[in-house]
Every structure is written in C-alpha cells, then in structure tokens.
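If you want the building blocks of each chain, they are given just below.
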Amino acid sequence: MSKLEVISGKKPLDGKIALVAGATRGGGRGIAIELGAAGATVYCTGRTTRERQSEYGRPETIEETAELVTAAGGKGIAVAVDHLVSAEVAALVERIRGEAGRLDILVNDIWGGEYLAEWDKPVWEHDLDRGLRMMRLAIDTHLITAHHALKLMIEHPSGLLVEVTDGTAEYNETHYRLSPFYDLCKTAITRLAWAHGKDLEKVGGTSVSITPGWMRSEIMLETFGVTEANWRDATEREPHFVISETPHFVGRAIAALAADPDRARFNTQSLSSAGLAKIYEFDDLDGSRPDCWRYLKEVQEAGKPADATGYR
C-alpha cells in the first residue's frame with residue numbers, strides 16, 4: 001500500500017465503508033484496491049461479471065476487482081449494477097444500508113466512453129448517437145448514483161464524495177479535449193463535484209473532483225501493445241508516454257484524502273493524483289511521483305523532447 005500510516009496494526013480506513021461505482025477496470029479498479037489496502041470495505045460495481053459482459057466486450061470483471069481488494073487487505077464486495085438504471089442503484093444502496101449501515105466514501109468513477117469518442121471531429125461530423133450515449137454514460141450515471149448514495153452517506157458526518165474525471169479544472173479551462181462530447185463529459189464532472197460540495201458542506205460532507213494523469217489502464221496498455229511489465233517499450237511509439245502512471249496512483253491519492261481528518265479543506269476543489277502526492281507524500285508502484293499535467297504544459301506542448309526528469 002502507500003505510505004499511509006498504520007498505527008498499532010490499525011489501518012487508516014479500518015471500519016470505513018466505500019462504494020466505488022465503476023470499479024471493473026482502469027482507475028476504478030486501482031482506486032478500489034488502494035482503498036482496500038488502507039483497510040476499507042469496498043463495494044465494487046460495474047456491468048461486466050464472470051457471467052455477463054457489457055458492451056465493452058472486455059475480460060475484466062467486478063469479481064476480479066473485489067478479490068484484488070480483499071487480497072490487498074480490505075474486504076471487496078462485487079455487485080453488478082448498471083448505473084443508468086435508477087432502480088438498480090437504489091437497490092445497491094439499500095443493500096449497503098442493510099449490510100453495513102453506513103456509507104463513508106463514494107467514488108463516482110463510472111465512464112464507459114472509450115470506444116464512443118471520435119477524436120478531432122466537430123459536432124456536425126461526430127456520430128450523434130455515439131456522442132449522446134457517451135454523455136449519458138459519463139454524466140447521467142454520476143447524477144443517478146449521487147442521488148441515491150448520498151442519501152445514505154449524509155446520515156453520518158464527514159462523508160467523502162469523489163468525482164473522477166480527466167483533466168484538472170485549470171488544464172481543461174484552456175484546452176479543447178478533442179471532441180465536443182468528450183470535452184463536455186469531463187468538464188461537467190468537475191462542475192458536478194463543485195455543486196455537490198456546496199450542498200454537502202451544509203451537512204458536514206466533502207466533495208472533490210480528481211483526475212489521474214496519463215493512466216496505464218488495461219485498454220491503454222493494450223492500445224500500445226505492451227503490458228505493465230514492459231510499458232516503457234511504448235515510448236518508442238509515443239515518447240511522451242514516459243510520464244504515464246498506474247491506476248494505483250490515483251487510488252492512493254483518494255485513500256490518502258479519505259484518511260485525512262482535515263479533508264474538508266479541499267471541498268469543491270479540482271484535484272489531481274500528482275497534486276495530492278505532493279501533499280500526502282505517496283508514490284506510484286515504481287516509487288516515482290509522475291506529474292502529468294505540469295509535464296504536458298511544460299514539455300509536450302512546449303515542443304520539447306520527451307524527458308520526464310524532474311516530473312516523476
């Protein structure tokens with residue numbers, strides 16, 4: 001696990017109940033594992049199980065994620081949920097209420113749009129059905145889940161909502177994210193976290209948005225034809241991939257934030273894995289601290305040769 005302090009054998013999130021919505025793969029899986037490593041019980045939701053695949057058609061399952069959470073030292077519980085279906089999310093929350101009696105951490109990591117975005121196409125060229133489907137998967141799911149889950153979370157003080165997106169508010173404000181639909185999906189989540197924070201601060205809760213950097217998800221590794229073991233080989237094709245990070249890095253960021261009794265100071269803010277690593281002093285799996293968003297502006301967009309020295 002990260003450098004979160006363990007006192008007298010007690011992990012920092014022992015006794016905490018977390019829901020990672022969208023935990024099948026990628027950042028959701030990394031987040032669930034690291035919350036488990038910090039001692040939490042983690043409900044891991046998604047659409048792909050060992051019996052049924054989602055439209056992604058990928059092999060990763062929520063059962064695997066839950067097992068990895070347990071192996072890391074927490075308790076993983078897999079629950080098949082389509083977060084576009086309000087009744088399924090309501091049933092999930094009632095199950096958590098019945099089994100755990102509380103919800104301390106909600107991570108909205110639901111996405112599902114990797115195969116729907118059409119890059120560098122204006123709205124009049126982008127397939128409309130694909131674009132609107134992307135928005136439903138990225139925005140409606142978060143609102144539906146927050147509607148049901150926050151009712152349980154606010155029954156106890158100091159709950160934490162984390163909305164996962166792509167790009168900090170500062171970066172996205174000045175950068176077009178290559179598709180009007182993708183751009184809206186990712187900037188909307190930052191605003192959602194801000195809005196939820198305004199409501200949650202009235203009842204003692206905290207809401208933030210968080211972004212990983214260039215994340216080495218299963219899909220990203222597959223795209224480059226590498227594995228986590230030899231990911232640096234991908235820099236021959238894309239030299240700036242040298243700044244990439246594992247899904248565990250953002251997971252450790254959220255685990256550190258959840259364990260901080262003073263986390264309310266971040267309410268409504270847009271955070272990043274690299275930014276929280278500086279504050280809480282945790283590393284990625286290789287012992288480095290990749291600072292992707294600073295690297296993009298200062299190296300890649302400045303036209304400099306790929307070199308992560310000083311950025312990880």
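Everything discussed here concerns the structure shown above.
The rules behind each value
Residues numbered from 1 in each chain as written. Predicted model: local features only at pLDDT ≥ 70, side-chain atom pairs only at ≥ 80, totals over all residues. Heavy atoms only, no water. 1 Å grid on protein atoms, 1.4 Å probe; cavity = no way out; pocket = protein on both sides within 12 Å on 5 of 7 lines; lining within 4 Å. Points joined across faces, edges and corners; volume = space filled by probe spheres on them. Nonpolar A, V, L, I, M, F, W, Y, C, P; charged D, E, K, R; others polar. Pairing = 2+ DSSP bridges. Helix = DSSP H or I, 4+ residues; strand = E, 2+ residues; numbered from the N terminus. Axes fitted to C-alpha atoms, helices over the stretch in contact; angles between N-to-C directions. Contact = heavy atoms within 4.5 Å. Buried < 20%, exposed > 50% of the residue type's maximum accessible area, 1.4 Å probe, protein only. Lys, Arg positive; Asp, Glu negative; His and termini not counted. Salt bridge = Lys/Arg side-chain N within 4 Å of Asp/Glu carboxyl O. Disulfide = S-S within 2.5 Å. Core = buried A, V, L, I, M, F, W, Y, C linked by side-chain atoms within 4.5 Å. Phe/Tyr/Trp six-rings, centres within 6.5 Å; stacked < 30°, edge-to-face > 60°. Lys NZ or Arg CZ within 6 Å of the ring centre and 35° of its normal.

A. Fine view of empty space enclosed by the protein. Tallied over the entire structure, the rule returns one cavity of 30 Å³ or more. The calculated volume of the largest cavity comes to roughly 30 Å³. Met153, Ile154, His156, Pro157, Ser158, Gly159, Leu200, Val203, Gly204 and Gly205 together form the lining of the largest cavity. Residues that form the lining of the largest cavity fall into these classes: five nonpolar, five polar and no charged.

B. View of the sheet that holds strand β6 (residues 206-211). Overall, parallel pairing links the seven strands, which are arranged β3-β2-β1-β4-β5-β6-β7 in an open sheet. Strand pairing shows two members of the sheet lacking a second neighbour, β3 (75-80) and β7 (270-272), which therefore form its edges. Averaged over all neighbouring strand pairs, the angle between strand axes comes to 25 degrees, with direction disregarded. Across five bridges, the pairing between strand β1 (residues 17-21) and strand β2 (residues 41-46) is parallel. Residue pairing across strands places Val20 opposite Cys44, the latter belonging to β2. Packing of helix α9 (residues 273-280) onto the sheet brings it into contact with β6 and β7, and relative to β7 it is tilted by some 75 degrees.

C. Local environment of the side chain of Lys186. Examined against the element boundaries, Lys186 turns out to sit in helix α6 (residues 180-200). The side chain of Lys186 is buried and forms no salt bridge, while Asp166, the nearest opposite charge, is found at 6.0 Å. With sequence-adjacent residues up to four places away left out, Lys186 is seen in contact with Trp111, Thr165, Asp166 and Asn172.

D. How the structure looks around the state of the cysteines. On inspection of all chains with the given rule, the structure shows zero disulfides. Not engaged in a disulfide, the cysteine Cys185 finds its nearest cysteine sulfur in Cys292; these two sulfurs lie 20 Å apart.

E. Quick look at the environment of Glu163. Structurally, Glu163 is set in strand β5 (residues 160-164). The buried category is assigned to Glu163, whose relative accessible area is 0%. Expressed as a C-alpha distance, the spacing of Glu163 and Glu114, which sit 49 residues apart in the sequence, is 18 Å.

F. Representation of the nonpolar core within the structure. By size, the foremost hydrophobic cluster in this structure holds 34 residues, and its most contacted members are Leu35, Val42, Val107, Ile210 and Leu276. With eight residues, helix α8 (residues 247-259) is the largest single contributor of residues to this core. Those residues in contact with Leu276 that lie beyond four places of it in its chain are Ile210, Ala253, Leu257, Phe266, Leu271, Glu281 and Phe282. Counting 20 residues, the second-largest nonpolar core is a separate cluster that includes Val81, Ala149, Leu150 and Leu200.

G. Looking closely at the packing of aromatic side chains. Here the structure, examined in full by the defined rule, presents 10 aromatic pairs. Summarising the aromatic geometry, the rings of Tyr171 and Trp293 are spaced 4.8 Å apart at their centres and angled 55 degrees between planes, so their arrangement reads as tilted. Of the two residues, Tyr171 is situated in helix α5 (residues 169-174) and Trp293 in helix α10 (residues 292-300); the sequence distance between them amounts to 122 residues. Accessibility expressed as a relative area gives 9% for Trp293, which makes it buried. Relative to Phe224, the ring of Trp214 lies with its centre 6.3 Å away and its plane at 50 degrees, an arrangement referred to as tilted. Separated by 10 residues along the polypeptide, Trp214 in the loop between β6 and α7 (218-224) and Phe224 in helix α7 bring together distant segments of the chain. A residue is classified by how much of its surface remains accessible, and Phe224, at 15% relative accessible area, is buried. An aromatic cluster of at least three residues, connected via ring pairs, comprises Trp214, Phe224, Trp231 and Phe241. For the cation-ring pair, Arg191 lies above Trp194, with the distance from its terminal atom to the ring centre recorded as 4.0 Å. The ring of Trp231 carries Arg216 above its face, with NZ or CZ at 3.8 Å from the centroid.

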